[in-house]
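# Close look at the chain arrangement
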Amino acid sequence: MVDNVFSGLKVVDLASFIAGPGAAVILSDFGADVIKVEPTTGDLYRTVYNIPPQPRAKDNYPWHLNNRNKRGLALNLKSPEAGDILERLVKWADVLIVNTPHPARKKLKLEYEDVAKWNPRLIYADVTGYGDKGPDADLPGFDITSYWARSGLLSLTRDAGAPPTLPVAGSGDHATAVSLYSAIVTALYRRERTGKGSYVTTSLLASGIWAGAVAIQGALADATFYPLHDRLNPPNATFNVYKSSDDNWFLIVTTPDHWPALANGIGRADLLSDPRFADPAKQMANSAALTAILDELFASQPMAHWSEVFDKGHLTFGVVRAPGEVVSDPQLRANDIVVPLEGAGGHMQFTISSPIQVHGVDKVSAKRAPELGEHNEQILQALGFDPKQIDSFLASGTVTQHREQTIK
């Protein structure tokens, strides 16, 4: 492997689902050697692509997305023989990523105090639903419950009178993965300066609060919030969604200094002298009336026309795209947001790179995620176990026999 930012860094990913494994993926993109440790029955995340409302496909696309570039070890941590393997993994590792709920973690002797004695330089990275302290520290959480609902985000992303709706799966997890990655890198920098390992944490709740920090900070400052509204009665008609004649929804974000450019660009200079819209305060008071005018106007021309108008006027806008359209966006490949994926087969020819670029440094070529237990013998041999010991682990069920084609 060509030297990269994290070439030689050794990571043990003991986490399940997305947030923890996603942090490990970012490290792997920059050259880290990551061992994915999962139960002998497999990480439950191997099956979620079959569960509605996830997009249906023959290929296990979420597994490859969040576990690419890793080697796989299937290990039953409840087995009496697993302790020796775990100890050697920890001694080998620079970073250990965990998300097992703390009650179960205590039974498995996976707490920081249990493993740090084996490796004082270890970065122990812990991601939880609600933080590692407080009355709800031991509660399990998914991103929709911890990141979205508990943080208040889910209460804001809806129209007046409408119930909260399900967000995009994994969106809070991937944001939290970046938070965990940042914590790990901060601890690695500290270790370079002091030689000491660290116990770093983040949570889905903390990342959700950070994402919604403008609103939460407003609440802390006792701000007055606008009531929930719908697009026909927005607080600001020039910060709203509209539809073109060819059924494309788009968002305009127009600051007061750009209001003349918008009015002139759409051929309605008369709006500038209309007393209802003479200043931002009056626009807000009459936002429903302005929205109705803009609705009729924007519905008269296709999106290509409005894109040209907005570009010419240097107006900020965004067209609402579905995932099937997004993947054809040339910006994705031009900026290495979508990159080739090696070895997965099927329709898994490309994957999404992590959102961090270091100029002058190429990321590692993305390779498929491991099959269940694919690298058992290779990893155990590298940890110093002899063939007889490895056979014993297989016989006892401490590790599972590698079975091909567990993912496609």
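Residues numbered from 1 in each chain as written. Predicted model: local features only at pLDDT ≥ 70, side-chain atom pairs only at ≥ 80, totals over all residues. Heavy atoms only, no water.

### A word on unusual backbone geometry
The test is simple: In DSSP terms, a helix is any run of H or I states spanning at least four residues, a strand is any run of E spanning at least two, and both are numbered starting from the N terminus. The classification of residues rests on relative accessible area computed with a 1.4 Å probe and restricted to protein chains. Under 20% of the type maximum is buried, over 50% is exposed, and intermediate values are partly exposed.
The residue after Pro-52, namely Pro-53, is reached through a cis peptide bond having omega 5 degrees. By the secondary structure assignment, Pro-53 is in the loop between strand 2 (33–38) and helix 2 (61–67). Non-glycine residue Asp-247 carries a positive phi angle of around 65 degrees. Examined against the element boundaries, Asp-247 turns out to sit in the loop between strand 7 (239–243) and strand 8 (249–253). A positive phi angle, close to 55 degrees, is found at Asp-336, a residue other than glycine. Its place among the elements puts Asp-336 in the loop between helix 16 (330–334) and strand 10 (338–342). A relative accessible area of 42% places Asp-336 in the partly exposed class.

### A short note on the nonpolar core
This is how the line gets drawn: Here, nonpolar core refers to any group of buried Ala, Val, Leu, Ile, Met, Phe, Trp, Tyr and Cys residues whose side-chain atoms link them within 4.5 Å. Every residue pair with non-hydrogen atoms within 4.5 Å of one another is taken to be in contact.
Ranked by internal contacts, the top residues of the largest apolar core, which has 28 residues, are Leu-73, Ile-85, Leu-89 and Leu-96. At the level of secondary structure, the elements contributing two or more residues to this core comprise strand 2, helix 3 (82–92), strand 4 (95–98), helix 5 (112–115), helix 17 (376–382) and helix 18 (387–396). Take this core: its biggest share by element is six residues, from helix 3. Excluding anything up to four places from it in sequence, Leu-73 contacts Ile-35, Lys-36, Val-37, Glu-38, Ile-85, Leu-89, Asn-376, Ile-379, Leu-380 and Val-399. Within the second largest apolar cluster, 24 residues are counted, among which are Ile-123, Leu-180, Ala-187 and Leu-188.

### Regarding helix 9 (residues 204–211)
One turn of the α-helix equals 3.6 residues, which is why residues spaced by three or four share an orientation. The condition that has to hold: Here, the arc refers to the directions that run from the helix axis to the C-beta atoms.
Taken together, the buried positions of helix 9 are Leu-204, Leu-205, Ser-207 and Gly-208. Down the axis of helix 9, the buried side of the element spans an arc of 165 degrees, and every buried residue falls inside it. On its buried face, helix 9 is in contact with strand 5 (123–128), helix 6 (143–149), helix 7 (153–156), helix 8 (171–194) and strand 6 (198–203).

### A short note on the packing of aromatic side chains
Let me state the cut-off plainly: Side-chain rings of Phe, Tyr and Trp, where Trp is taken by its six-membered ring, are said to pair if the distance between their centres is within 6.5 Å; with planes under 30 degrees apart they count as stacked, over 60 as edge-to-face, and otherwise as tilted. Comment: the charge-over-ring label is applied if NZ (Lys) or CZ (Arg) is within 6 Å of the ring centre and within 35 degrees of the ring normal.
Per the stated rule, a full pass over the model turns up 16 aromatic pairs. On the basis of an interplanar angle of 55 degrees and a centroid distance of 5.2 Å, the ring pair of Tyr-242 and Phe-298 is categorised as tilted. With Tyr-242 in strand 7 and Phe-298 in helix 13 (residues 287–298), the pair connects residues that are 56 residues apart, well separated along the chain. Pair check on accessibility: Tyr-242 and Phe-298 agree, each one buried. Ring geometry for Phe-310 versus Phe-317: centroids 5.1 Å apart, planes at 50 degrees, classification tilted. Residue classification places Phe-310 among the buried positions, given a relative accessible area of 1%. Each residue in the set Tyr-242, Phe-250, Phe-298, Trp-306, Phe-310 and Phe-317 is aromatic and connected to the rest through ring pairs, giving one cluster. Over the face of the ring belonging to Phe-385 we find Arg-88, whose NZ or CZ atom lies 3.8 Å from the ring centre.

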